Amino acid sequence: MTNPAHERIQKEVESNEVVLFMKGTPLFPQCGFSATVVDVLERTGVDFTSHDVLQDPEIRQGIKEFSNWPTIPQLYVKGEFVGGCDIIREMYASGELDSLFAENGLKSE
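Basis of the calculations
- Residues numbered from 1 in each chain as written.
- Predicted model: local features only at pLDDT ≥ 70, side-chain atom pairs only at ≥ 80, totals over all residues.
- Heavy atoms only, no water.
- Salt bridge = Lys/Arg side-chain N within 4 Å of Asp/Glu carboxyl O.
- Helix = DSSP H or I, 4+ residues; strand = E, 2+ residues; numbered from the N terminus.
- Buried < 20%, exposed > 50% of the residue type's maximum accessible area, 1.4 Å probe, protein only.
- Expected span 1.5 Å × (residues − 1).
- Arc of directions from axis to C-beta.
- Contact = heavy atoms within 4.5 Å.
- Polar contact = N/O pair within 3.5 Å; in protein donor to acceptor, adjacent residues only side chain to side chain.

1. Things to note about the pattern of salt bridges
Right, on to step 1. Summed over all chains, the structure comprises five salt bridges.
Right, on to step 2. Here D39 makes a salt bridge to R43, at a shortest N to O gap of 2.8 Å. Taken together, the residues span about one helical turn, with D39 and R43 both in helix 2 (residues 32–44) at a distance of four residues.
Right, on to step 3. Of the residues examined, D39 reaches a relative accessible area of 33% and is grouped as partly exposed.
Right, on to step 4. Between D86 and R89 there is a salt bridge, and its shortest N-O distance comes to 2.6 Å. Residue D86 and its partner R89 are both found in helix 4 (residues 85–94); the two are separated by three residues, about one turn of the helix.
Right, on to step 5. On the accessibility criterion, R89 (40% relative accessible area) is partly exposed.
Right, on to step 6. Because the salt bridges share partners, they merge into one network encompassing R8, D56 and E58.

This is the structure in structure tokens:
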């Protein structure tokens, strides 16, 4: 049996190059971890789409099952799950995140 939330998430990550599932919006993040990932993405200069899981309980639970990752935020690049706050912060600090964006042909400053 297919899961409607997983189908919606799959469509979202396939139709957008960089997707952040977060609590709140980039302008008004509702948790410090989401705010940190937004800050990192803005520093890289990459364009991204966000999805506020607080407005969508089905996606809030479904994203955790979809990625097999228990926490939010979650970042996807070109359909692949990259990680949550700590992983994204570490990748940014080491230069790995910029490399990932460059390898995927995404704008990074």
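Picking up where we left off.
2. As for helix 2
Right, on to step 1. Helix length check: helix 2, at 13 residues, gives a terminal C-alpha distance of 19 Å against a target of 18 Å (1.5 Å per residue), a fit within 8%.
Right, on to step 2. Of all the positions in helix 2, only S34, V37, V38, V40, L41 and T44 are classed as buried. What you see down the axis of helix 2 is that its buried residues fit within an arc of 160°, all on one side.
Right, on to step 3. Each element contacted by the buried residues of helix 2 is listed here: strand 1 (18–22), strand 3 (74–77), helix 4 and helix 5 (96–103).
Right, on to step 4. Where helix 2 terminates, the next one or two residues include G45, which has phi positive at roughly 85°.

3. Concerning helix 1 (residues 4–15)
An α-helix turns once every 3.6 residues. As a result, residues three or four positions apart point the same way.
Right, on to step 1. A rise of 1.5 Å per residue sets the reference length of helix 1, with its 12 residues, at 16 Å; its end C-alpha atoms lie 17 Å apart and thus fit the reference within 8%.
Right, on to step 2. Of the positions making up helix 1, those classed as buried are A5, I9 and V13. The buried residues of helix 1 occupy an angular sector of 60° when projected down its axis, which confines them to one face. Exposed side chains of helix 1 directed beyond 90 degrees from the buried face belong to K11, E14 and S15.
Right, on to step 3. The opening residue of helix 1, the one whose side-chain oxygen lies 2.8 Å from the backbone nitrogen of A5, is N3.

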